[in-house]
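Fold and geometry: a report
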Amino acid sequence: MNKGMPASFISFLAAWVIAVMALGAIGCSRDSDQVSLDFSKTLPVARPQPHPGEAGALRGAVAAMISPRETFIHYRQLLAYLARKSGKDLEFVQRKTYEEINELLGKGEIDLAFICSGPYASARERYGFLPLAVPEVQRSTSYRAYLIVNQNSSFTELRDLKGQTFAFTDPDSNTGKLVPTFWLAELRQRPETFFKQIIYTYSHDNSILAVARGLVAGAAVDGLVWEYYQATNPVFTSKTRIIKKSEAYGIPPLVASRQLPAAEREQLQQTLFAMHRDPEGRKILAELLIDRFLPLQEERYESIRSMQRDLARLKEQPHAPEPQK
């Protein structure tokens, strides 16, 4: 794991973010004050590019819930393990956004991927996601959104962040976008008018970093990612404070493309379910703080679908008027 980033790099990143935010404030109206900051480019790593149909390869991917460097180091080991057990080489694919991974699955250009719970709940039929397994973490197959702020800030609730800069992870993220948007809708507010500015970090650890360094006032992140770093490398999580937790949702699953043959899907499932009983597999799982893999229970994702329906309904209701400028 990283033990921190060089001070010179952080100074550059902070200056760059401030410059981008200033340009957005000058050149955009309030309705368009959303800036996509590609934090993933600040963590250079050699990433193999996908190419179609490599013979004998298992094509696997991980939606960018954590930054490319950490994804490459840890999740690549897990996918490589599955490939070896299948008698194949691994073709490891990375993309910046959840949508890109979803599209690759839908087109059959990758065989399996860890995806976010939000797209699984809302777009399972569209992309043809076929569940393989879900990770059990601390004896649970659910997770929560954490609303975090800087440890030294005075913020104690979501309302305190009005007029501040806020970080979402990905437009399709459940914990990093849908949940905080739903919270605001319950307050009869919208993100684009409630916050002074919104940025997209494209991974939960980058959102934690942004809050820890004071680049944004707050962020909504995957509680599993926050807890992972708190347990393994708390250099940045220790500089943040959790002020709100969501209800529990079905954990992000590992899914297969519908174009992957059924016999191969079944073999992958059996390997996953037995992984915690194999010394090599158990070691890989321990590094990810995963207890074991279990079958997906579809009903665990209904709460996300319910939230999506409620959010659509709340959006149709009148919202609180904006304060006079």
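See above for the structure.
Our subject in this report is the structure included herewith. Nothing here was measured: the structure is a model prediction, and the numbers come from that model.

A few words on the overall build of the protein chain. Each helix and strand counted, the protein chain has 11 helices and 14 strands in total. Within the protein chain, the proportion of its 325 residues that are buried is 54%. When contacts within the protein chain are restricted to residue pairs at least 6 apart in sequence, those whose partners lie at least 24 apart make up 80%. Counting every atom, the protein chain has about 14,500 Å² of accessible surface; 50% of that belongs to carbon and sulfur.

Time to look at the pattern of salt bridges. Side-chain pairing between opposite charges can occur once the charged atoms of the two side chains come close. Per the counting criterion, the structure on display carries 12 salt bridges. The salt bridge partner of E103 is R126, with a shortest N-O separation of 3.6 Å. You can see E103 sitting in helix 3 (residues 98–106) and its partner R126 sitting in helix 4 (residues 117–127), a full 23 residues away along the chain. With relative accessibility at 56%, the residue R126 sits in the exposed group. The salt bridge partner of E287 is K283, with a shortest N-O separation of 3.1 Å. Note that E287 and K283 are positioned in helix 10 (residues 279–287) at a spacing of 4 residues, about one turn of the helix. What you see here is one network of salt bridges that share partners, running through R124, E125, E298, E302, R305 and R309.

Locating D170 in the fold gives a position in the loop between strand 8 (165–168) and helix 5 (174–186). In this structure, D170 is buried with no salt-bridge partner, the nearest side chain bearing the opposite charge being K96 at 8.1 Å. Only 2.8 Å separates the side chain of D170 from the backbone nitrogen of D172, close enough to count as a polar contact. Leave out the neighbours within four places in its chain, and D170 touches K96, T97, Y98, K177, Y200 and Y202.

Ordered in space as 3-2-4-13-5-14, the 6 strands form an open sheet in which the pairing is mixed. Of all strands in the sheet, those with a lone pairing partner are strand 3 (89–93) and strand 14 (292–294), marking the two edges. Shown here is a sheet whose adjacent strand axes are inclined to one another by a mean of 25°, direction ignored. Bridging between strand 5 (residues 130–136) and strand 14 involves 3 bridges; their strand directions are antiparallel. Paired with E136 across the two strands is R292, which belongs to strand 14. Here helix 9 (residues 262–274) sits on the sheet and contacts strand 2 (57–62), strand 4 (112–114), strand 5, strand 13 (254–256) and strand 14; the angle it forms with strand 5, its principal contact strand, is near 5°.

Attention now moves to the packing of aromatic side chains. This structure, assessed with the given rule, holds 12 aromatic pairs. The interplanar angle of 75° and the centroid separation of 5.5 Å between the aromatic rings of F166 and F168 together place this pair among those described as edge-to-face. For F166, a relative accessible area of 0% gives the class buried. Aromatic side chains F166 and F195 sit 4.4 Å apart centroid to centroid with 10° between the ring planes, which places their arrangement in the stacked category. Highlighted residues: F166 in strand 8 and F195 in the loop between helix 6 (191–194) and strand 9 (197–200), separated in sequence by 29 residues. By the burial criterion, F166 is buried, and F195 matches it. Among the aromatic residues, those joined into a cluster by ring pairs are F166, F168, F194, F195, Y200 and Y202. In this arrangement the basic side chain of K96 is found over the ring face of Y202, its NZ or CZ atom lying 4.5 Å from the centre. Here K244 stacks its cationic end above the ring of W183, 4.8 Å away from the centre of that ring.

Turning our eyes to something else, we now look at the pairing of strand 5. Looking along a regular strand, one sees side chains alternate from face to face of the sheet. Burial analysis of strand 5 places 5 of its 7 residues in the buried class, which makes it a mostly covered element. Where strand 5 and strand 13 come together, 3 bridges link them in antiparallel fashion. Opposite A133, over in strand 13, you have L254 as the bridge partner.

It is worth spelling out the environment of M275 at this point. With respect to the helices, strands and loops of the structure, M275 is situated in the loop between helix 9 and helix 10. Along the backbone, M275 and L78 are 197 residues apart, and their C-alpha atoms lie at a distance of 9.8 Å. When sequence neighbours within four positions are dropped, the list of residues in contact with M275 reads L78, Y81, G281, R282, I284, L285 and F293.

Conventions and cut-offs
Residues numbered from 1 in each chain as written. Predicted model: local features only at pLDDT ≥ 70, side-chain atom pairs only at ≥ 80, totals over all residues. Heavy atoms only, no water. Helix = DSSP H or I, 4+ residues; strand = E, 2+ residues; numbered from the N terminus. Buried < 20%, exposed > 50% of the residue type's maximum accessible area, 1.4 Å probe, protein only. Contact = heavy atoms within 4.5 Å. Areas by Shrake-Rupley, 256 points an atom, 1.4 Å probe, with all protein chains shown as cover. Salt bridge = Lys/Arg side-chain N within 4 Å of Asp/Glu carboxyl O. Lys, Arg positive; Asp, Glu negative; His and termini not counted. Polar contact = N/O pair within 3.5 Å; in protein donor to acceptor, adjacent residues only side chain to side chain. Pairing = 2+ DSSP bridges. Axes fitted to C-alpha atoms, helices over the stretch in contact; angles between N-to-C directions. Phe/Tyr/Trp six-rings, centres within 6.5 Å; stacked < 30°, edge-to-face > 60°. Lys NZ or Arg CZ within 6 Å of the ring centre and 35° of its normal.

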